[in-house]
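Per-entry structural report
Next come the chains, spelled out residue by residue.
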Amino acid sequence: MTPRTRKTLEFVLDNLVWFMLIVVLALFSALIPNYFQLGIFTNIIEASSVLGVMSIGLALVIIAGHMDLSVESVAALSAMAVGILFCSAGIGLGIKLSPEWLMIPASLLVACAIGGLIGLFNGFLVVKLKMSAFIITLASFIWVRGIVLAVSGGRSAQDLAPAIRWFAIERFLGIPLSAWIAIACFLVFSIMMAKTPFGRHLVMIGGNETATFRAGIRVTRNLIIAFVLAGAIAGLAGWLLAIRTSGATANLGVGLLFNAFAAVVIGGVSLKGGVGALPGVYAGVLLLSSINTAINLMGLPANYTQVIHGFLVLAAVLLDTFKQRLRQRLA
């Protein structure tokens, strides 16, 4: 095999999910009436914002060779905290700041701080105490959701402050600012993973933690930072949830974890660690959002969404196995 052919194959393998997205959009546009229009594509981008942000944090930890099952509950708790503090109806306290725009950074700080602290707790137990990431983050998934239920008492916080809701209402180039936040996050963290030592170290740790440690890289610190980032990013996703729904409910975000895993795996991130790129994850998020939109336009029951997502994850895992074997042959 010539070097040029090998390079072409590696490019196709790295960007396969983008080709899948283009094919799916082309098929849906040809087969579903009214699918091919600007409004539909704008809705796809908007609907993918919360899931996209959550998938970033999850992808960072998985690329580093670990797991974080708590991101869904962390997002829910962050959203509930923002709702309680800055909503004026239901269980909301209706806190006002002057000038009003200060409520934007204040609410964002609350959401990300809560997520970051939970991420620090998870990271300490996993990295310092050498406990199973799967068990620790599964436990966090349960107890954090329990806090949401306990704090809310099953009630909701409604009527979020207009200054914060502004991000869900205002549009730039026809796309809500909340969706632009998700796009900006993907750009920033993609650059971080590709161009900074921290990003490259995470990939190395996920590929071979022992060899990375022997190379003099501070594995413990980098892994804890990855967990903190995953928690803080999940907090940002919760903030976006709150502004999209103008408040928070006890069951807010239920099921997002499985969709985030689907997007990450479909996007080319290997569950074994050390392989994956965030642009592919964003393509996976858009692919799931495109399928959901198609199901809605066709009037199919919502249950079909879970069935399709499940088969997509299975197909992605099989595809990941195929790509790894092909890469071994190319090496």
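Summarised in this report is the structure supplied together with it. (Residues numbered from 1 in each chain as written. Predicted model: local features only at pLDDT ≥ 70, side-chain atom pairs only at ≥ 80, totals over all residues. Heavy atoms only, no water.)

**Details of the overall build of the chain**
A tally of regular secondary structure across the chain gives 15 helices and five strands. Taking 2.2 N^0.38 as the reference for a compact globule, 331 residues should give roughly 20 Å; the C-alpha atoms of the chain span a radius of gyration of 20 Å, in line with that estimate. Based on the C-alpha atoms only, the size of the chain along its principal axes is roughly 65 × 55 × 35 Å. Evaluated residue by residue, the chain yields a buried proportion of 50% over its 331 residues. Look at the contacts in the chain between residues 6 or more apart in sequence, and 76% of them connect residues 24 or more apart. About 15700 Å² of surface is accessible on the chain, with carbon and sulfur atoms providing 69% of the total. In the chain, which carries 21 positive and 10 negative side-chain charges, the distance between the mean positions of the two groups comes to 11 Å. (Helix = DSSP H or I, 4+ residues; strand = E, 2+ residues; numbered from the N terminus. Rg over C-alpha atoms; globule rule 2.2 N^0.38 Å. Buried < 20%, exposed > 50% of the residue type's maximum accessible area, 1.4 Å probe, protein only. Contact = heavy atoms within 4.5 Å. Areas by Shrake-Rupley, 256 points an atom, 1.4 Å probe, with all protein chains shown as cover. Lys, Arg positive; Asp, Glu negative; His and termini not counted. Charge placed at Lys NZ, Arg CZ, Asp CG, Glu CD.)

**Thoughts on helix H9 (residues 177-195)**
In this model, H9 (19 residues) spans 26 Å end to end at C-alpha, consistent with the 27 Å of a helix rising 1.5 Å per residue. Of all the positions in H9, only Leu177, Ser178, Ala179, Ile181, Ala182, Ile183, Cys185, Phe186, Phe189, Ser190, Met192 and Met193 are classed as buried. (Expected span 1.5 Å × (residues − 1).)

**So, the state of the cysteines**
Defined simply, a disulfide is a covalent bond joining two cysteines at their sulfur atoms. The final tally for this structure, using the stated rule, is zero disulfides. There is no disulfide at Cys87, and the cysteine sulfur nearest it, in Cys112, is 17 Å away. The thiol sulfur of Cys185 is not disulfide-bonded, and the nearest other cysteine sulfur, from Cys112, lies at 8.6 Å. Assessed through its relative accessible area of 12%, Cys185 is described here as buried. (Disulfide = S-S within 2.5 Å.)

**A closer look at a nonpolar patch on the surface**
There is a patch of nonpolar side chains on the surface, built from Leu93, Ile95, Leu97, Trp101 and Leu102 and spanning about 460 Å² of accessible area. Mapping Leu93 onto the fold places it in the loop between strand E1 (87-90) and helix H6 (103-128). (Patch = residues over 30% accessible without salt bridge, like charges linked within 9 Å, V, L, I, M, F, W, Y side chains within 5 Å. Salt bridge = Lys/Arg side-chain N within 4 Å of Asp/Glu carboxyl O.)

**What to know about the environment of Glu209**
With respect to the helices and strands, the residue Glu209 is situated in helix H11 (residues 209-214). The class of Glu209 is partly exposed, set by a relative accessible area of 32%. Not counting chain neighbours up to four residues away, the residues in contact with Glu209 comprise His66, Met204, Val219 and Leu223.

**Examining the environment of Ile205**
If you trace the backbone, Ile205 turns up in helix H10 (residues 197-207). Each C-alpha atom, one on Ile205 and one on Leu286, is 28 Å from the other, the two residues being 81 residues apart in sequence. Ignoring any residue separated from it by four or fewer positions in sequence, one finds Ile205 in contact with Ala64, Thr212, Val219, Asn222 and Leu223.

**Description of the pattern of salt bridges**
Under the counting rule described, the total for this entry stands at two salt bridges. For the salt bridge of Arg171 with Glu46, the shortest nitrogen-to-oxygen distance reads 3.5 Å. With a gap of 125 residues between them, Arg171 in strand E3 (residues 171-172) and Glu46 in helix H3 (residues 38-47) connect regions that are remote in the sequence. A residue is classified by how much of its surface remains accessible, and Glu46, at 18% relative accessible area, is buried.

**Concerning the side chain of Thr42**
Following the sequence through the fold, Thr42 ends up in helix H3. The exposure class assigned to Thr42 is buried, which follows from its relative accessible area of 13%. Setting aside its immediate chain neighbours within four residues, Thr42 contacts Arg171, Gly174 and Ile175.

**Considering unusual backbone geometry**
Along the chain, Ser98 connects to Pro99 via a cis peptide bond; the corresponding omega equals -5°. Take Pro99: it is sitting in the loop between E1 and H6.

**Remarks on the sheet that holds strand E5 (residues 247-248)**
Spatial strand order, E1-E2-E5: three strands in an open sheet with antiparallel pairing. Sheet topology places E1 and E5 at the edges, where each strand pairs with a single neighbour. Where strand E2 (residues 157-160) lies against E5, two bridges are found, and the strand directions are antiparallel. By the bridge assignment for E5, Ala157 is matched with Ala248. (Pairing = 2+ DSSP bridges.)

**Some thoughts on the nonpolar core**
The biggest cluster of nonpolar side chains holds 103 residues, and the ones touching the most others in it are Ile164, Phe189, Trp239, Ile266 and Leu278. Discounting chain neighbours no more than four positions away, the residues touching Trp239 are Val82, Ile104, Ser107, Leu108, Ala111, Ile164, Phe167 and Ile181. (Core = buried A, V, L, I, M, F, W, Y, C linked by side-chain atoms within 4.5 Å.)

**What to know about the packing of aromatic side chains**
Applying the stated criterion to the full structure yields eight aromatic pairs. On the numbers, 5.5 Å between centres and 65° between planes, the contact of Phe28 with Tyr35 is edge-to-face. One exposure class covers both Phe28 and Tyr35, and it is buried. Each residue in the set Phe28, Tyr35, Phe36 and Phe41 is aromatic and connected to the rest through ring pairs, giving one cluster. (Phe/Tyr/Trp six-rings, centres within 6.5 Å; stacked < 30°, edge-to-face > 60°.)

By themselves, these observations are geometric and do not establish any function.
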